[in-house]
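Coordinate inspection notes
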Amino acid sequence: MAIATTMRPLVSLALPEKGATRLATQLLLAIAGTLLLTLSAKTKVVLGPVDISLQTLAVFLIAAAFGLRLGVATLLLYMAEGAMGFPVFQGTPEKGIGLAYMVGPTGGYLAGFVVMAAIVGWAADRGWDRHPVKLFNAMLVAEIVMMAMGFAWLALLIGAEKSWQFGVVPFIVGDLIKVALAATLVPAAWALLPKQP
């Protein structure tokens, strides 16, 4: 029976080995991650007919740097903040807040972010975050899953054709750029550090 190799993600270099200090550091990192997600959601780049946020880039970077457990925990904390009514999402508070916003048109994409973090974090835990091609492949799979979840939910609300036209096509180029950028940045960060086991 093969045993999956687990390596330490980038953030592990900054974590104390054990105890309350480790837990407190992880909590602070998760909170910092939610702040980064909020800032990235509110930062818009005009690329064609739609404004594109930097949020998927932030999800990729957090998941690759934090690994599976802390990455997913950070995304769940972010979702909890949004559910409690904090204006952390791209369209809040202008388009609503809380659970009402989360079950709206972007609901599938928001749920997809958690799955995206799980896929990329899983890859990082196996050392793929040190190899641009492996990390790119993991991030591309995560992107496709997230977009499929967003598309499926939006299709229930507005139909498949409009969902594809307005919820997928305008974001393909921008999201591919973000996948490539994140898949380059994280291994580059590892390359700058002394060799890790």
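Calculation notes
- Residues numbered from 1 in each chain as written.
- Predicted model: local features only at pLDDT ≥ 70, side-chain atom pairs only at ≥ 80, totals over all residues.
- Heavy atoms only, no water.
- Helix = DSSP H or I, 4+ residues; strand = E, 2+ residues; numbered from the N terminus.
- Rg over C-alpha atoms; globule rule 2.2 N^0.38 Å.
- Buried < 20%, exposed > 50% of the residue type's maximum accessible area, 1.4 Å probe, protein only.
- Contact = heavy atoms within 4.5 Å.
- Lys, Arg positive; Asp, Glu negative; His and termini not counted.
- Charge placed at Lys NZ, Arg CZ, Asp CG, Glu CD.
- 1 Å grid on protein atoms, 1.4 Å probe; cavity = no way out; pocket = protein on both sides within 12 Å on 5 of 7 lines; lining within 4 Å.
- Points joined across faces, edges and corners; volume = space filled by probe spheres on them.
- Nonpolar A, V, L, I, M, F, W, Y, C, P; charged D, E, K, R; others polar.
- Phe/Tyr/Trp six-rings, centres within 6.5 Å; stacked < 30°, edge-to-face > 60°.
- pLDDT = per-residue confidence, 0-100.
- Axes fitted to C-alpha atoms, helices over the stretch in contact; angles between N-to-C directions.
- Parallel < 35°, antiparallel > 145°, perpendicular 65-115°, else oblique.
- Expected span 1.5 Å × (residues − 1).
- Left-handed = near helix turned anticlockwise from the far one by under 90°.

Okay, the overall build of the chain next. On a plain count of helices and strands, the chain comes out with seven helices and two strands. Listing the helices and strands of the chain from first to last along the sequence gives α-β-β-α-α-α-α-α-α. Here the C-alpha atoms of the chain give a radius of gyration of 17 Å, agreeing with the 16 Å that 2.2 N^0.38 yields for 197 residues. Scored against the burial criterion, the 197 residues of the chain give a buried share of 42%. Once local pairs closer than 6 in sequence are excluded, the contacts in the chain between residues at least 24 apart make up 69%. Separation between the mean location of the 13 positive side-chain charges and that of the 9 negative ones in the chain comes to 8 Å.

Of the voids in this model, the largest pocket is the one considered here, and its volume is about 780 Å³. Along the walls of the largest pocket sit 28 residues, with Gln90, Tyr101, Thr106, Tyr109 and Phe171 positioned nearest its centre. Those elements giving two or more residues to the lining of the largest pocket turn out to be strand S2 (50-53), helix H2 (55-83), helix H3 (98-102), helix H4 (107-125), helix H5 (132-158), helix H6 (160-167) and helix H7 (172-192). No other element matches S2, which puts four residues into the lining of the largest pocket. Per-class residue counts for the lining of the largest pocket are 14 nonpolar, eight polar and six charged.

What follows is about the environment of Ala180. By the secondary structure assignment, Ala180 is in helix H7. The sequence separation of Ala180 and Leu135 amounts to 45 residues, and the corresponding C-alpha distance is 9.2 Å.

Moving on: the packing of aromatic side chains. The way to describe two aromatic rings as a pair is by their centre distance and the angle between their planes. Under the defined criterion, the tally for this structure stands at four aromatic pairs. Centroid distance Phe89 to Tyr101: 5.6 Å. Interplanar angle 10 degrees. Geometry classified as stacked. Pair noted here: Phe89 is in the loop between H2 and H3 and Tyr101 is in helix H3, with a separation of 12 residues, a long-range link. The burial state of Phe89 is the same as that of Tyr101; both residues are buried. Consider the rings of Trp122 and Trp128, whose centres lie 5.6 Å apart with planes at 75 degrees: the pair is edge-to-face. Trp128 gets classed as partly exposed once you look at its relative accessible area, which sits at 27%.

Summing up the model confidence of the chain, the mean pLDDT is 91 and the portion of residues at 70 or higher is 93%. Taken as a whole, residues 1-5 scores under 50 in pLDDT and shows three contacts with residues more than four places along the chain or in a different chain.

This part takes up the packing of H2 against H4. The interhelical angle for the contact between H2 and H4, taken along N-to-C directions, is 100 degrees, at an axis separation of 7 Å. Here H2 lies roughly perpendicular to H4, going by the angle between them. Per-class residue counts for the contact of H2 with H4 are 18 nonpolar, five polar and one charged.

Moving on, we come to H5. Along its 27 residues, H5 runs 37 Å from first to last C-alpha, staying within 8% of the 39 Å computed at 1.5 Å per residue. Against the buried residues of H5 lie H2, H4, H6 and H7. Count one or two residues on from H5 and you reach Gly159, which has phi positive near 95 degrees.

Our focus in this paragraph is the packing of H5 against H7. Two numbers describe how H5 lies on H7: the axes approach to 9 Å, and their chain directions differ by 145 degrees. Once H5 is placed against H7, the crossing between them reads as right-handed. Of the residues in H7, those in contact with Pro132, Leu135, Phe136, Met139, Leu140, Glu143, Met146 and Met147 of H5 are Asp175, Leu176, Val179, Ala180, Ala182, Ala183, Val186 and Pro187.

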